[in-house]
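Reading the structure
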Amino acid sequence: MEISQNKPNRNAWLKGGKAQCQILPQGRVHPQRLVLLGAPGIGKGTQAELLSARLGACHLSTGDIFRGAKTLSECDRTPAMSSALDYMRRGDLVPDETVLGLLIERSKCLRCGGGFLLDGFPRTVAQAEALKKCLTQNDVRLGAVLSYELPLEKVVSRLSGRRTCPTCKAVYHVDRRPPKMSGICDACGTALIQREDDRPESVRVRMEVYEKSTAPLAEFYRRNHLLVSISAEGTPEEIFDRTMIALKRRLYNGTWCAV
Ligand code: AP5
């Protein structure tokens, strides 16, 4: 499946503050506003890219904000951001206070006419409550929460083969989603890297933290009538097709608008 080369560059989200996006997503009559939930490495980022290309909504990943901060010099990083990077390296969650500060600074991205695909946020019930409040204040409604499900041992094998592009953030897998030229990003030609937190010791911590803090979010969103469960078995394209069918089914049930 082709990924649009003309995708929004997410400057406002990745950099925060006064940063503006150079390419804005097209305004939509019914912008899609979705949250992607699921264990680390299940394929949320991969699905977000495919969904963004189809729905025009911007892929907003909190992990990408932290990884972007790594490229800043020490003196350009706030103390909260430096400490966030230590949490991330270990595989632990960054404290809610830091993450919520980032979200509030970027709340204009939630009002964007192209819609959004939140990936990696919220991750705790406190973050989900804060998101709900922030959306209400911005007069915006969440359309659905896509919850991807797969046995943990399969998820771990996806993580160990992951390679990412440090420039355009495209995601590959050495066996299952290889780039056309080994080690080089198809989209921008940059050398691919392995993420620091994909080392086995960090992966173990990430899985434990997920079970304890993030898995309970599915129940939170079920109670809010927003949860859509999707099997993450199969290829990215199969999962994407399953996602689109689930979203359309929600449309026919009257709880979803124009996909
Ligand atoms: P974040 O960047 O959000 O990482 P994550 O949730 O751990 O998820 P990943 O990005 O690792 O995986 P993914 O599900 O997107 O999978 P992907 O598509 O890449 O967060 C990183 C860290 O930042 C956290 O640990 C925390 O410290 C901090 N953080 C971020 N947000 C926070 C928050 N809100 N609160 C507190 N702390 C926060 O796919 C994985 C691999 O599998 C790839 O190689 C891909 O090509 C391959 N793949 C994908 N789909 C398939 C498939 N169907 N079949 C085979 N392979 C596949």
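Residues numbered from 1 in each chain as written. Predicted model: local features only at pLDDT ≥ 70, side-chain atom pairs only at ≥ 80, totals over all residues. Heavy atoms only, no water.

**Some remarks on the pattern of salt bridges**
Within the structure shown, the criterion is met by 15 salt bridges. Between Asp92 and Arg90 there is a salt bridge; the shortest N-O distance is 3.6 Å. Using a relative accessible area of 31% as the deciding quantity, one classes Asp92 as partly exposed. In this structure Arg90 comes out as partly exposed when scored by relative accessible area, which is 44%. In this structure, the salt-bridge partner of Asp197 is Arg195, at a minimum N-O distance of 3.0 Å. Across this residue pair, the class does not change: Asp197 and Arg195 are buried. (Salt bridge = Lys/Arg side-chain N within 4 Å of Asp/Glu carboxyl O. Buried < 20%, exposed > 50% of the residue type's maximum accessible area, 1.4 Å probe, protein only.)

**Some thoughts on the packing of aromatic side chains**
Tallying each qualifying case throughout the model produces one aromatic pair. Judged by centre distance (5.0 Å) and plane angle (90 degrees), the rings of Phe220 and Tyr221 are edge-to-face. A relative accessible area of 5% means that Phe220 is categorised as buried. The class of Tyr221 is buried, set by a relative accessible area of 3%. (Phe/Tyr/Trp six-rings, centres within 6.5 Å; stacked < 30°, edge-to-face > 60°.)

**Brief notes about the sheet that holds strand β3 (residues 115–119)**
Across the sheet, five strands lie side by side as β2-β3-β1-β4-β7; this open sheet has parallel pairing. Strands at the two margins of the open sheet, each flanked by one partner only, are β2 (58–61) and β7 (227–231). Looking at each pair of strands side by side, their axes are set apart by 25 degrees on average, direction ignored. Two elements, β2 and β3, share four bridges in a ladder whose sense is parallel. Paired with Ser61 across the bridge in β3 is Asp119. (Pairing = 2+ DSSP bridges. Helix = DSSP H or I, 4+ residues; strand = E, 2+ residues; numbered from the N terminus. Axes fitted to C-alpha atoms, helices over the stretch in contact; angles between N-to-C directions.)

**Concerning the packing of helix α8 (residues 152–160) against helix α9 (residues 200–214)**
Contact geometry of α8 with α9 gives a least axis separation of 12 Å together with a crossing angle of 140 degrees. By the angle between their axes, α8 is oblique relative to α9. You can see that α8 and α9 cross each other, and the crossing is right-handed. Contacts between α8 and α9 pair Leu152, Val155, Val156 and Leu159 from the former with Val203, Arg206, Met207 and Glu211 from the latter. Of the residues contributing to the contact of α8 with α9, the split by class is six nonpolar, no polar and two charged. (Parallel < 35°, antiparallel > 145°, perpendicular 65-115°, else oblique. Left-handed = near helix turned anticlockwise from the far one by under 90°. Contact = heavy atoms within 4.5 Å. Nonpolar A, V, L, I, M, F, W, Y, C, P; charged D, E, K, R; others polar.)

**With respect to the confidence of the model for the chain**
When the pLDDT values of the chain are averaged, the result is 89; 93% of them are 70 or greater. Predicted confidence is poor over residues 1–5, with pLDDT under 50, and the contacts of this stretch with residues over four places away or in other chains come to seven contacts. (pLDDT = per-residue confidence, 0-100.)

**Some words on α9**
The terminal C-alpha atoms of α9, which comprises 15 residues, lie 20 Å apart, in line with the 21 Å expected from a rise of 1.5 Å per residue. Among the residues of α9, those classed as buried are Ser202, Val203, Arg206, Met207, Val209, Tyr210 and Thr214. (Expected span 1.5 Å × (residues − 1).)

**What to know about the side chain of Thr62**
Take Thr62: it is sitting in helix α3 (residues 62–69). At a separation of 3.1 Å, a polar atom in the side chain of Thr62 contacts the main-chain carbonyl oxygen of Gly120. (Polar contact = N/O pair within 3.5 Å; in protein donor to acceptor, adjacent residues only side chain to side chain.)

**A look at the site of the ligand**
In the vicinity of the ligand lie 35 residues, with Thr46, Asp92, Arg162, Tyr172 and Arg206 positioned nearest. Gly43 is positioned with one of its backbone polar atoms (N or O) 3.0 Å from an oxygen atom of the ligand. Between the ligand and Tyr172 there is a distance of 2.6 Å, counted from an oxygen atom to a backbone nitrogen or oxygen. Broken down by secondary-structure element, the contributors of at least two residues to the shell around the ligand are α2 (44–55), α3, α8, β6 (171–173) and α11 (236–252). If one sorts the elements of the shell around the ligand by residue count, α3 sits on top with four residues. (Near = heavy atom within 4 Å.)

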